[in-house]
Structures are given as structure tokens and as C-alpha cells.
Amino acid sequence: MPWNNQGSGNNGNGSGGSNNGSPWGSGPKKTGGRPGGGGQGGGRPPEFDDMLRQSRDQFTKMIPGGFGGKKLWSIGLLILVALWLLSGFYRVNPQQQGVVLRFGEWTSTTSPGLHYHLPYPIESVMTPEVTRDNRIDVGFRTLGRDGTNGRRDVASESQMITGDENIVDIDFVVFWRIGDAGQYLFNLADPVETAKVAAEAVMREVIGGVDIQFALTDGRQQIQQLVKQRLQTLINDYEAGIIVRDVQLLAVDPPADVIDAFNEVQRARQDRDRLKNEAEAYRNDVVPRARGEAAQIVAEAEAYAAEVVSRSEGDASRFQQIYDAYLMSKDVTKERIYIETLEEILGNVNKIIIDQDASGSGVVPFLPLSELNKKSQ
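Residues numbered from 1 in each chain as written. Predicted model: local features only at pLDDT ≥ 70, side-chain atom pairs only at ≥ 80, totals over all residues. Heavy atoms only, no water.

### Details of the sheet that holds strand E3 (residues 105-110)
And step 1. Spatially, the three strands line up as an open sheet ordered E3-E2-E5, and their pairing is antiparallel. Because the sheet does not close on itself, it has two edges, and the strands there are E3 and strand E5 (123-126). Here the average twist between neighbouring strands, direction ignored, is 25 degrees.
And step 2. Direction of pairing for strand E2 (residues 98-102) relative to E5: antiparallel, over a ladder of four bridges. Looking across to E5, one finds that Val-99 is bridged to Met-126. (Pairing = 2+ DSSP bridges. Helix = DSSP H or I, 4+ residues; strand = E, 2+ residues; numbered from the N terminus. Axes fitted to C-alpha atoms, helices over the stretch in contact; angles between N-to-C directions.)

Okay, here's the thing in C-alpha cells:
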């Protein structure tokens with residue numbers, strides 16, 4: 001065979017080699033020259049089998065007591081145990097939470113980063129995403145994955161009764177995230193369906209406390225905020241591990257079966273409001289004017305009363321002064337009263353004055369006082 005040739009030929013020093021019956025031979029002897037050489041002449045290099053055997057011998061010397069079968073199994077077992085213990089390290093990404101299970105029971109929740117748990121099958125870990133926004137549609141269903149095919153109304157969810165006993169059709173969306181992954185995974189059998197039912201119940205409660213006109217016009221923002229707060233409180237009571245991000249009202253309309261009648265009612269209400277505004281405008285124009293006229297009449301009456309009272313008081317005071325003067329000098333007072341009375345009576349009468357001394361001459365001389373007055377004027 002080929003490996004027997006090295007024991008039968010000359011090995012460089014003139015002596016034949018023996019392989020002791022082994023196909024691998026006993027290896028070259030170190031008789032000088034280059035390391036690994038077969039002799040002092042042109043020796044051949046060491047073979048791969050010799051190098052492997054020498055490495056095995058050196059590794060055996062490093063192990064106390066030799067490299068037996070038991071030692072090999074012990075080292076292999078230690079390596080397996082080390083690998084099993086190292087398998088307990090796990091990493092939680094920034095968008096995840098770690099949920100540690102011990103024999104299938106939830107024991108703790110870990111934050112993002114590098115953590116350790118007892119290796120499988122003692123403990124295991126789940127890492128659900130908690131930063132992704134999810135949505136719940138209430139009152140409708142989208143057609144198609146992206147919703148481009150429209151949506152289908154679900155009357156059993158969307159029709160609600162308002163506080164004034166009217167029916168309104170409401171479609172809304174709830175946006176939510178996972179707040180506590182452990183509660184979300186293990187406290188409820190179906191947390192998403194529970195959140196949906198809770199959102200519908202809260203919306204019915206809020207709509208039942210407002211009028212339909214408020215829900216259709218300027219009350220949308222207030223309804224959204226109120227539903228969000230009450231829904232979060234209810235979900236916290238359930239310990240569902242869900243955070244409500246937002247509640248959006250997509251449509252608030254009367255039912256399709258009565259939309260025409262509802263529009264007629266709305267138009268009638270608009271006409272009523274218009275007539276009411278016109279009446280209020282007319283009232284705002286007439287009432288102030290009437291109040292002004294009434295105030296003017298009252299002021300004139302008060303002024304007339306003050307004038308009459310003042311004149312009466314003045315006449316009484318003058319009469320009292322005349323009476324006092326009469327008591328002091330009766331003749332003078334009588335003559336003065338007589339003259340003032342004639343002056344007052346005859347002041348606006350045409351008068352002819354005749355000279356008594358000239359009456360015997362047959363001519364009646366007179367003084368044309370009226371003509372003189374006209375000329376002077």
C-alpha cells in the first residue's frame with residue numbers, strides 16, 4: 001500500500017524504518033539537520049497525520065489526568081449548559097415591550113433594552129409593538145384593505161337616540177395604542193372587541209345627554225373630548241392595557257329613511273328663526289323709539305308743572321308784596337293799582353283823547369295817537 005513505502009526505503013541514514021505493523025508508521029526520527037527532517041541529507045517534510053497526532057498529544061497533556069471519555073463528556077456538558085444559560089439574554093426594541101412568562105404565567109414587563117430571563121423552558125419572552133397606532137371603526141366597515149372602495153353602514157352600531165328623543169346616525173373612529181403589554185395580552189380574552197363595545201356604549205351615553213341640534217352643529221368637538229375621557233376611564237377599570245389616542249366623529253346625520261322629513265323640519269326651524277330675528281329687529285327699533293317719546297312727554301309734563309308752580313309762587317309773592325305796600329300806604333297803592341289796571345286794559349285799544357277846554361269852540365280837537373304809533377313803528 002502507499003503508506004508502507006516509507007518504512008521499506010532508505011530514510012537518509014542508511015537504515016531501514018519499521019512501522020510496527022501500523023499503516024500510519026512511527027513517524028520520522030529526529031537525527032539532526034532541519035526540524036522535521038528525515039536525515040541529514042534531503043529529508044522529507046512531516047505529514048498531516050503526524051501534525052494532527054502531535055496536536056492531540058499536546059491537548060491531552062493540558063488536561064489533568066489525560067483526555068479520557070468521561071472528561072470529554074463533562075466538557076461537552078459544561079459547554080451545553082453555558083450555551084443554555086446564554087440563551088436567556090434578549091433585547092427589546094424601542095417600539096416594543098417585553099412580557100416575561102414563567103411556565104406560561106405572566107410575571108413582569110420590561111422596557112426597551114437588553115435584559116435576561118431564565119432560559120427556555122423555564123421562562124420565555126414576548127415582545128409586542130406598543131408605539132403603533134391602531135383604529136377601531138364603529139358604525140361602519142371599510143370596503144377593501146385601504147378603504148378606497150367606500151364603506152358600509154352598520155345601523156345596529158351607528159343609530160343612537162339623542163336627549164330630545166330623536167334618532168341620529170353616527171360613524172366614528174377610535175385610535176389607540178398598547179399601554180401595558182402584559183395587561184393587553186393576558187387580562188382580557190379579546191381586548192380590541194372589548195374596547196369597541198365600550199366605545200359604542202360611551203358614545204350612546206354621551207349622545208343620550210345632548211339635543212340633536214347640538215350634535216349636528218357645534219357640539220362635535222365637545223362630544224369627541226367627552227367620549228375620549230370616559231372611554232379611557234372605562235378601559236382603565238377593565239385593566240385592558242390600552243391607551244386611547246383620539247376619538248373622531250366622521251359623520252353625524254339623521255337616518256336615511258327620514259332624511260327628507262328631517263330636512264323639512266330643519267327648513268321650518270330656519271324659517272322660524274328668521275321670522276323671530278325679524279320680529280326682534282322690529283321690536284328693537286320700535287321699543288326704543290316709544291321709550292324715547294314717553295320720556296320726552298314725561299319731561300315736558302314735569303317742565304310744565306315746574307313752570308306753573310313757579311308762576312303761581314311768583315304771583316302769590318307779588319300779591320303779598322302789594323298787600324304789604326297797601327297796608328303801608330293805602331291811597332298811593334290804590335291809585336297805582338288803578339293806573340296799572342287801566343294801562344293793562346287800554347294798552348291794546350285804539351283811543352281818542354279830547355281836550356275838554358276846546359269843547360266850547362265847536363271844534364272837536366283830537367290827538368291821533370294810533371296814527372302816531374303806526375308811524376313810530
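Structure shown, so let's carry the discussion forward.
### Considerations on the packing of helix H6 (residues 191-207) against helix H8 (residues 220-238)
And step 1. Look at H6 against H8: their axes get within 9 Å of each other, and the N-to-C directions meet at 135 degrees. Overall, the two elements H6 and H8 adopt an arrangement that is oblique. In the packing of H6 onto H8, the handedness of the crossing is right-handed. Only Ile-223, Leu-226, Val-227, Arg-230, Leu-231, Leu-234, Ile-235 and Tyr-238 of H8 make contact with H6, whose side of the interface consists of Thr-194, Ala-195, Ala-198, Ala-199, Val-202, Met-203, Glu-205, Val-206 and Ile-207. (Parallel < 35°, antiparallel > 145°, perpendicular 65-115°, else oblique. Left-handed = near helix turned anticlockwise from the far one by under 90°. Contact = heavy atoms within 4.5 Å.)

### Observations concerning the pattern of salt bridges
Where side chains of opposite charge bring their charged atoms close, a pairing between them can arise.
And step 1. Applying the stated rule across the entire model yields 14 salt bridges.
And step 2. Between Glu-157 and Lys-196 there is a salt bridge whose closest N-O contact spans 3.3 Å. Placement of the pair is Glu-157 in helix H4 (residues 155-158) and Lys-196 in helix H6, with a sequence separation of 39 residues. When sorted by exposure, Glu-157 lands in the same class as Lys-196, which is buried. (Salt bridge = Lys/Arg side-chain N within 4 Å of Asp/Glu carboxyl O. Buried < 20%, exposed > 50% of the residue type's maximum accessible area, 1.4 Å probe, protein only.)

### Quick notes on the layout of surface pockets
And step 1. Approximately 330 Å³ is the volume found for the second largest pocket.
And step 2. Arg-318, Ile-322, Thr-333, Ile-337 and Glu-340 are the residues nearest the centre of the second largest pocket, which is lined by 15 residues in total.
And step 3. Contributing elements (two or more residues each) for the lining of the second largest pocket: helix H9 (259-328) and helix H10 (330-346).
And step 4. Ranked by the residues each element gives to the lining of the second largest pocket, the list is headed by H9, at eight residues.
And step 5. Split into classes, the residues belonging to the lining of the second largest pocket amount to seven nonpolar, three polar and five charged. (1 Å grid on protein atoms, 1.4 Å probe; cavity = no way out; pocket = protein on both sides within 12 Å on 5 of 7 lines; lining within 4 Å. Points joined across faces, edges and corners; volume = space filled by probe spheres on them. Nonpolar A, V, L, I, M, F, W, Y, C, P; charged D, E, K, R; others polar.)

### A few points about the nonpolar core
And step 1. Counting residues in each nonpolar core, the largest one holds 33 residues, and the members touching the most others are Ile-170, Phe-172, Val-174, Met-203, Ile-223 and Leu-231.
And step 2. Where this core is concerned, the elements lending two or more residues are E2, strand E6 (134-138), strand E10 (167-178), helix H5 (181-186), H6, H8 and strand E11 (242-253).
And step 3. Sort the elements by how many residues they give to this core and H6 lands first, with seven residues.
And step 4. With residues near it in sequence (within four places) discarded, Ile-170 still touches Val-138, Gly-139, Ser-158, Met-160, Ile-207, Leu-249, Ala-251 and Val-252. (Core = buried A, V, L, I, M, F, W, Y, C linked by side-chain atoms within 4.5 Å.)

Function cannot be inferred from these measures alone, as they are strictly geometric.
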